[in-house]
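Per-entry structural report
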Amino acid sequence: NAITQERCAAECCADPTCETYQFCNSSVCGYGPPQQPSCWIGRLKGASTRPRKGWIGKGRDAPPAPPPAPANETRCFEEWCSVETDDRHWR
């Protein structure tokens, strides 16, 4: 878990699906033991956000999803890894 705002932002930047980060380096955030920094990264879609004391964050537009691999490049023969499998909610 990131211990600085810069590290939290870098973790989000390193994840192509990350749209926002939120960081707090204070016990006023309400998570974890007192004085422990907290970092949250993720997607904006469906998030309910409102200002909270101590939290700092920024967001960005996520890049579009890459196109699916052509059928001749698919090497998996298990049913669950078919190109047509809807895996949007696996995380």
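Conventions we followed
Residues numbered from 1 in each chain as written. Predicted model: local features only at pLDDT ≥ 70, side-chain atom pairs only at ≥ 80, totals over all residues. Heavy atoms only, no water. Buried < 20%, exposed > 50% of the residue type's maximum accessible area, 1.4 Å probe, protein only. Helix = DSSP H or I, 4+ residues; strand = E, 2+ residues; numbered from the N terminus. Arc of directions from axis to C-beta. Contact = heavy atoms within 4.5 Å. Disulfide = S-S within 2.5 Å. Core = buried A, V, L, I, M, F, W, Y, C linked by side-chain atoms within 4.5 Å. Pairing = 2+ DSSP bridges. Axes fitted to C-alpha atoms, helices over the stretch in contact; angles between N-to-C directions.

1. Description of helix H1 (residues 5-14)
- Among all positions in H1, only Cys8, Ala9 and Cys12 are buried. Down the axis of H1, the buried side of the element spans an arc of 95 degrees, and every buried residue falls inside it. For H1, the exposed residues lying more than 90 degrees away from the buried face are Glu6, Arg7, Cys13 and Ala14.
- Check the buried side of H1 and you find it contacts strand S1 (20-24) and strand S2 (38-42).

2. Notes on the state of the cysteines
- Considering all chains together, one arrives at 2 disulfides under this definition.
- Note that Cys8 is cross-linked by a disulfide to Cys39, the S-S spacing being 2.0 Å. The disulfide joining Cys8 to Cys39 has a torsion of about 85 degrees about its S-S bond and is therefore right-handed. In this pair, Cys8 is assigned in helix H1 and Cys39 in strand S2, connecting sequence segments 31 residues apart.
- Relative accessible area serves as the criterion here: at 0%, Cys8 is assigned to the buried category.
- Given a relative accessible area of 17%, Cys39 falls into the buried group.
- Two residues, Cys12 and Cys18, share a disulfide whose sulfurs are 2.0 Å apart.

3. Details of the nonpolar core
- Ranked by size, the top nonpolar core spans 8 residues in total: Ala2, Cys8, Ala9, Cys12, Cys18, Tyr21, Phe23 and Cys39.
- By residue number, the principal contributor to this core is H1, which donates 3 residues.
- Sequence-distant contacts of Cys12, that is, excluding residues within four places in its chain, are made with Cys18, Glu19, Thr20, Tyr21, Ile41 and Arg60.

4. Notes on the sheet that holds S2
- Taken together, 3 strands build an open sheet; the order of strands is S2-S1-S3 and the sheet is antiparallel. Looking along the sheet, the strands with just one partner apiece sit at the ends: S2 and strand S3 (56-59). Strand after strand, the sheet turns through a mean of 10 degrees between neighbouring axes, direction not considered.
- Here 4 bridges tie S1 to S3, and the two strands are oriented antiparallel to one another. The partner of Tyr21 across the bridge, within S3, is Lys58.
- Packing against the sheet, H1 makes contact with S1, S2 and S3, and its axis sits at approximately 160 degrees to S1.

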